[in-house]
Amino acid sequence: MAGRDVRRRWSESLLLVLAIAEGSATLTLGMLLHNVSTESSSQSYSQTQAATRGPDLVAQSSSLDNGTTSPADLAALVALSHAKGVVASSGPYPMATADLRTPTVTGGATVEGRSESPAPVDQPLVTAGTWVRPGGVVVERAFAQAAGLQVGQEITLNGRRFTVNGIAVTAAFSPYPEIGCFAGCIGPQSFANDEVGLMWTTEAAAVSLATSDAPVTYFSNLKLADPAQATSMANALDNNDFPKAGAPNGPYLLSAQQIAHEDNNLIVNEQIVVLVGSTLLTILSIASVAVLVGGRLADQMRRVGLLKAIGGTPGLVASVLLAEYLLLALVGAAVGLLAGWLFTPLLSSPGFGVLGSAPRPPLTASSVLIVAGVALGVALVAALVPALRAARTSTVRALADSARPPHRSELLVRLSARLPVPLLIGLRVMARRLRRTTLSVLSIFVTVSGVVAVLIVHGRLNSVEFN
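Here goes a summary of the coordinates provided. (Residues numbered from 1 in each chain as written. Predicted model: local features only at pLDDT ≥ 70, side-chain atom pairs only at ≥ 80, totals over all residues. Heavy atoms only, no water.)

**So, the overall build of the chain**
The number of helices and strands found in the chain is 15 helices and 10 strands. Taken over 467 residues, the chain has a buried fraction of 45%. The long-range fraction of contacts in the chain, counting pairs at least 24 apart against all pairs at least 6 apart in sequence, stands at 79%. When the accessible area of the chain is evaluated, it comes to approximately 22200 Å², of which 64% is carbon and sulfur surface. (Helix = DSSP H or I, 4+ residues; strand = E, 2+ residues; numbered from the N terminus. Buried < 20%, exposed > 50% of the residue type's maximum accessible area, 1.4 Å probe, protein only. Contact = heavy atoms within 4.5 Å. Areas by Shrake-Rupley, 256 points an atom, 1.4 Å probe, with all protein chains shown as cover.)

**Notes on the nonpolar core**
In terms of nonpolar packing, the biggest core is built from 22 residues, with Ile-155, Leu-157 and Met-199 touching the most fellow members. Those elements that place two or more of their residues in this core are β2 (86–101), β3 (106–114), β5 (136–140), α4 (141–147), β6 (154–157) and β7 (160–169). Per element, the largest residue contribution to this core is 4 residues, and it comes from α4. Setting aside its immediate chain neighbours within four residues, Ile-155 contacts Leu-100, Arg-101, Thr-102, Val-137, Leu-149, Arg-160, Arg-161, Phe-162, Val-164 and Met-199. In terms of nonpolar packing, the next biggest core, distinct from the first, is built from 17 residues, Met-95, Val-138, Leu-198 and Ile-259 among them. (Core = buried A, V, L, I, M, F, W, Y, C linked by side-chain atoms within 4.5 Å.)

**Comments concerning the environment of Thr-364**
Following the sequence through the fold, Thr-364 ends up in the loop between α10 (314–347) and α11 (365–392). A sequence separation of 332 residues divides Thr-364 from Leu-32, and the C-alpha atoms of the two residues are 9.0 Å apart. Within the structure, the side chain of Thr-364 is placed 2.9 Å from the side chain of Ser-367, a separation counted as a polar contact. (Polar contact = N/O pair within 3.5 Å; in protein donor to acceptor, adjacent residues only side chain to side chain.)

**So, the pattern of salt bridges**
Scanning all chains against the criterion turns up 4 salt bridges. Close ionic contact of Glu-112 with Arg-114 constitutes a salt bridge, the shortest N to O distance being 3.5 Å. Using a relative accessible area of 2% as the deciding quantity, one classes Arg-114 as buried. As a salt-bridge pair, Asp-122 and Arg-114 come within 3.1 Å of each other at their nearest N and O atoms. Through salt bridges with shared partners, a single ionic network connects Glu-112, Arg-114 and Asp-122. (Salt bridge = Lys/Arg side-chain N within 4 Å of Asp/Glu carboxyl O.)

**A closer look at the packing of aromatic side chains**
Throughout the structure, instances matching the rule amount to 2 aromatic pairs. Considering the side-chain rings of Trp-131 and Trp-200, the 6.0 Å spacing of their centres and the 45 degrees angle between planes classify their relative orientation as tilted. Placement of Trp-131 in the loop between β4 (125–129) and β5 and of Trp-200 in strand β8 (residues 197–202) is noted, with a sequence separation of 69 residues between them. Among the residues examined, Trp-131 registers a relative accessible area of 13% and is labelled buried. With 5.3 Å between their ring centres and 70 degrees between their planes, Phe-173 and Phe-219 make a pair best called edge-to-face. On the criterion of sequence distance, the pair formed by Phe-173 in the loop between β7 and α5 (180–184) and Phe-219 in strand β9 (residues 217–224) is long-range, its members being 46 residues apart. You'll find Phe-173 and Phe-219 in the same group, each marked buried. Over the ring of Tyr-93 we find Arg-114, and its NZ or CZ is 4.1 Å from the ring centre. (Phe/Tyr/Trp six-rings, centres within 6.5 Å; stacked < 30°, edge-to-face > 60°. Lys NZ or Arg CZ within 6 Å of the ring centre and 35° of its normal.)

**What about helix α3 (residues 71–79)?**
Within the span of α3, buried status applies to Asp-73, Ala-76 and Leu-77. Angularly, the buried residues of α3 cover 100 degrees about the axis, an arc narrow enough to put them on a single face. Where the residues of α3 are buried, they touch β1 (57–60), β2 and β9. (Arc of directions from axis to C-beta.)

Functional significance is not addressed by these values, which are geometric in nature.
Here it is in structure tokens:
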């Protein structure tokens, strides 16, 4: 009986399935992202580290109060390459910050000076174009994607013209926009916006970009005999704990594990957004399903009377009505699970800053049970009260399908008496169906809140990343 009613009212049934499926899909996305985020990021970073001879430790020279790097600071950085456990190194390489200008983008960039020949540790992998040469720059891939930079494009850094020779990935720094948290925040120079991009050019060009307000700082890359000890070694040698060799401050160190953790933040942030979205869509689904179910059951009173007239008990009537919506809830949950599983790799991608792609996560039994349970719970909450009310309705009244006499409120009558007729009738209908009206208001509230939140975040990202 439930199946036949679904086929008879297929358009309303489709709306119910879609309402449940959207909440189920985002809930599935959130749970699957939680399962794959760390694993996906770790695999992608390891692949990038292997392809780029990635360092186990990255060291940045400390600076004086005026931002300059003293000879003693530089000597302390060089001394790290001879520290116990270090088997290979590259650098120190100069790095300067610069104002980036293109016809469409205004922002900041950290520019590291590199040799044209390959480095034994941290040799960024060029994914498009060529490696550094005089008059050109190579752009970190995530930053190039965000800023719309392409090979052959001309840009200016501190007013000097450069050509984008290539685009590359590295394991020595976190991809854009996390790069600023090390090279921009800890370094002697710091933009008001820490989300600056990374570029590479020749060492002479990088030094020439330095200014009195933003002097050159230096970076070295270290390979350890035991990479697993990178974090503990960084903690042991970092800054004031490092044997200074006469330097006022020791170098700052960052381990590959810490860089990989920053890479993972991209997926973690996506997961948070999806979980918040799934919560909002679940609330929206409950409200939408309740409104649809309430309206649909109101049209089935004559059917309820016929069932009772041929001997159907109140329990049978309630079971038939509930079975229909629980069936639709299961279909919606299945559609949502499939959609969430298919779209998860798009959101769990480690991004353009590293190599590799995210694996498609498996649907676990617990995930299926949770999503199906939520979908059934939504349908049950929405349909239970109307179904019980229909089951308790008398056979004669259900067959007559007469309208319920309205409950008149003296206050409402006084408030609506002087309104135009369409508003007067609309207000009284809303007051008579208070539950359905409240759910409709809640649906609109959640929808508008979500749209406003997206617009605010979109505007903030546009204003923060590029001015």
